[in-house]
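The primary structure of each chain is shown beneath.
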Amino acid sequence: MTRRVIIGAIALAAAAACRRPQPGDPVRGLSAAERARFDSGRTVFDSTFTPAVGLGPLFNASGCKECHEDPVSGGVGDEVERHAAVFHPERIGAVCDLLAAQGGPVFQDSVTPALHAALGIDREPLPAGVTTVAARTTPEIFGFGLLDAVPDSVILSYADPDDRDHDGISGRPNRFVDGRLGRFGRKAFVPTLREFSDGAFQAEIGITNPSVPQEGTVTGQPLPAGTDPAPDPELSAHSLELTDAFLRLLAAPAPLKQSGEARHGRDVFTQVKCAGCHIPALRTGDSPIEALRYRDVAAFTDLLLHDMGPDLADICFGLATPSEFRTEPLMGMRLRTQFLHDGRAKTPEQAIDLHGGEATRSRDLCRALPAADRAALLAFLKTL
Amino acid sequence: MRRFALLSFVVLAAPLAVAAQQPTASQPAAPPPAVPHDSVRGAIRAIDVRARTIEVTTGVGYALRVVVMQVPASVPITAAGAGQRQPIGLAALKLGDVVRASFGGYRSPFVAYAIERIGRVETGVEPTP
């Protein structure tokens, strides 16, 4: 009897170990302490903030999960937010004005009742002279801790800004305002996952914290007195660290088991040169977290900027011109209900069809595929 | 007699009372109120050499802000390179330069204490803190 119990327990443990990570699961191999921090971080991520504890006065959402919600915390959302910047191609050294002195680049779509009462606004007004506003959808963030752990040198190894290999693809890095390599955000502007989430608490929820202790402005004007009653910082350093642990340790969605058609589609993906930018796997470097150290992540991105043509162009961002976007990671693609940076494509097929610029050749090769190959390509993408 | 005694007391006690208000060698003066100070690392977005002001874009993630600083003529401005710091003038700073600056003050424009040019946004800088 005891023997049966032991064998049963081993079988259950083996089955659990073989189970593919589901959306929202942590990466495998965490210590008990790391797992505890992941779980506690999810609690902060799932929190809903109110004006009494610091929400706003300007905000896009009342908590992280309000947007990153589907199918679980860390997933996609149907919210679309506004970013704005002004492109000055004639200037040397400061071609992209992210409107940081005027409340940009994120212009929040909601205000607290107190700010509404004081200014009579329902959302942050855009500065005068802004002609282009970018719509940005909510990406799923599973596996972003692995992207964070990819060394700069790996990303830069794929850069070919002058297209010296003459393949028509010339990925180049974006840089944050302090010159560090960027990788997060649709324009690869933000260098690290921690900075992205610390900044998002303030820019998206209006929650000040030790990393960003000041509230944002209303289009550059200070907040009216009495509209922000919660004392700063509105979130503790400990809560920031727990949130970071949750985000960092979220596993990348495991690709689904591939049918014969999908396996053929993977070959087509390479054949039509999608893999020139959507690099199938990146390898992480050293990390204080063993579960993130020296791992291959099937990210399908090079984290570099590519010209996507005038039809997709919207705003500049750092060194990114209006038509340049970071190669979107395709991991977790099957969880999305809208595609491209602004959600204008409702299917993967539409998204491919809207590629331009450096991707024109690949798009045209896709368009020219026999129906069976095209179906196989889409079958492959739906496994990611 | 009583009047003389009172007068004598005032004459003797007054210097002692005044002395008690003054700092002594063994009891140094209280420091002046501390001026808030901070440091910033970011890209120069505007520079006015005549007015001796610079504007630096900085921030965390998408939470960006602009710090405006007065740069008194006495402020050391240096350029990092080849393992050394070379002194440069304010006019040598350009839009898009990445600088590290310390500054103080209660409100904008703040007053720069030191400025170091560490690179340019286009070419990047090492990921040091």
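Higher on the page you've got the structure.
All values reported here derive from a predicted model rather than from experimental measurement. (Residues numbered from 1 in each chain as written. Chains lettered and ligands numbered in written order. Predicted model: local features only at pLDDT ≥ 70, side-chain atom pairs only at ≥ 80, totals over all residues. Heavy atoms only, no water.)

1. A closer look at the overall build of chain A
Using the following cut-off: Under the scheme used here, helices are H or I runs from DSSP no shorter than 4 residues and strands are E runs no shorter than 2 residues, and both carry numbers assigned from the N terminus. Values of the radius of gyration come from C-alpha atoms, whereas the globule rule sets the reference at 2.2 Å times the count of residues to the power 0.38. Here the term buried applies to any residue with accessible area under 20% of the maximum for its type, exposed to any over 50%, and partly exposed to those in between, with areas from a 1.4 Å probe on protein chains only. Here the open area of atoms and residues is found with the Shrake-Rupley method and a 1.4 Å probe, where only the protein chains shown may cover a residue. In summary, the charge assignment counts Lys and Arg as positive and Asp and Glu as negative, without counting His or the chain termini. Just so you know, the charge point we use is NZ for Lys, CZ for Arg, CG for Asp and CD for Glu.
Looking only at helices and strands, one finds 12 helices and 11 strands in chain A. For 384 residues, the compact-globule estimate of 2.2 N^0.38 gives 21 Å, and chain A sits close to it at 22 Å. Residue burial in chain A is summarised as follows: out of 384 residues, 54% are buried. Total accessible area on chain A is roughly 16,500 Å²; 56% of this is exposed by carbon and sulfur atoms. Measuring between centres, the 39 positive side-chain charges of chain A sit 8 Å from its 50 negative side-chain charges.

2. Looking at the packing of aromatic side chains
Stated precisely, the cut-off is as follows: For Phe, Tyr and Trp, where Trp contributes only its six-membered ring, two rings pair if their centres lie within 6.5 Å, and the inter-plane angle classes them as stacked under 30 degrees, edge-to-face over 60, or tilted in between.
Under the defined criterion, the tally for this structure stands at 12 aromatic pairs over all chains. Taking 5.0 Å as the distance between ring centres and 55° as the angle between the ring planes, the aromatic pair formed by F45(A) and F246(A) counts as tilted. Note that F45(A) is positioned in helix α2 (residues 32-45) and F246(A) in helix α8 (residues 237-249), a separation of 201 residues in sequence. The burial state of F45(A) is the same as that of F246(A); both residues are buried. Put simply, the rings of F176(A), F189(A), F196(A), F317(A) and Y62(B) pair up and form one aromatic cluster.

3. Section: the interface of chain B and chain A
In plain terms, the rule: Every residue pair with non-hydrogen atoms within 4.5 Å of one another is taken to be in contact. Buried area is understood as the total, over both parts, of accessible area removed when two parts are fitted together, assessed with a 1.4 Å probe. Any carboxyl oxygen of Asp or Glu within 4 Å of a side-chain nitrogen of Lys or Arg constitutes a salt bridge here. Here a polar contact is taken to be a pair of N or O atoms separated by no more than 3.5 Å, where protein atoms must pair a possible hydrogen donor with a possible acceptor and residues adjacent in sequence count only if both atoms sit in side chains.
With 25 residues of chain B in contact, the opposing surface of chain A contributes 33 residues. In this assembly, chain B packs against chain A so that about 2,200 Å² is buried in total across both faces, 67% of it on carbon and sulfur atoms. Three residues, V60(B), Y62(B) and L64(B), lead the burial of chain B against chain A; their summed loss comes to 35% of the area buried on that side. Taken together, chain B and chain A are joined by 2 salt bridges. Linking chain B with chain A are 3 residue pairs in polar contact (both at pLDDT 80 or more).

4. Considering the state of the cysteines
Residue and element names in this part refer to chain A. Note the threshold: Here, a disulfide means two cysteine sulfur atoms that sit within 2.5 Å of each other.
Applying the stated rule across the entire model yields 1 disulfide over all chains. No disulfide involves C64; its nearest neighbouring cysteine sulfur is the one of C67, lying 9.0 Å away. Classification of C64 as buried rests on a relative accessible area of 15%. No disulfide involves C274; its sulfur sits 4.6 Å from that of C366, the nearest cysteine. The class for C274 is buried, based on a relative accessible area of 16%.

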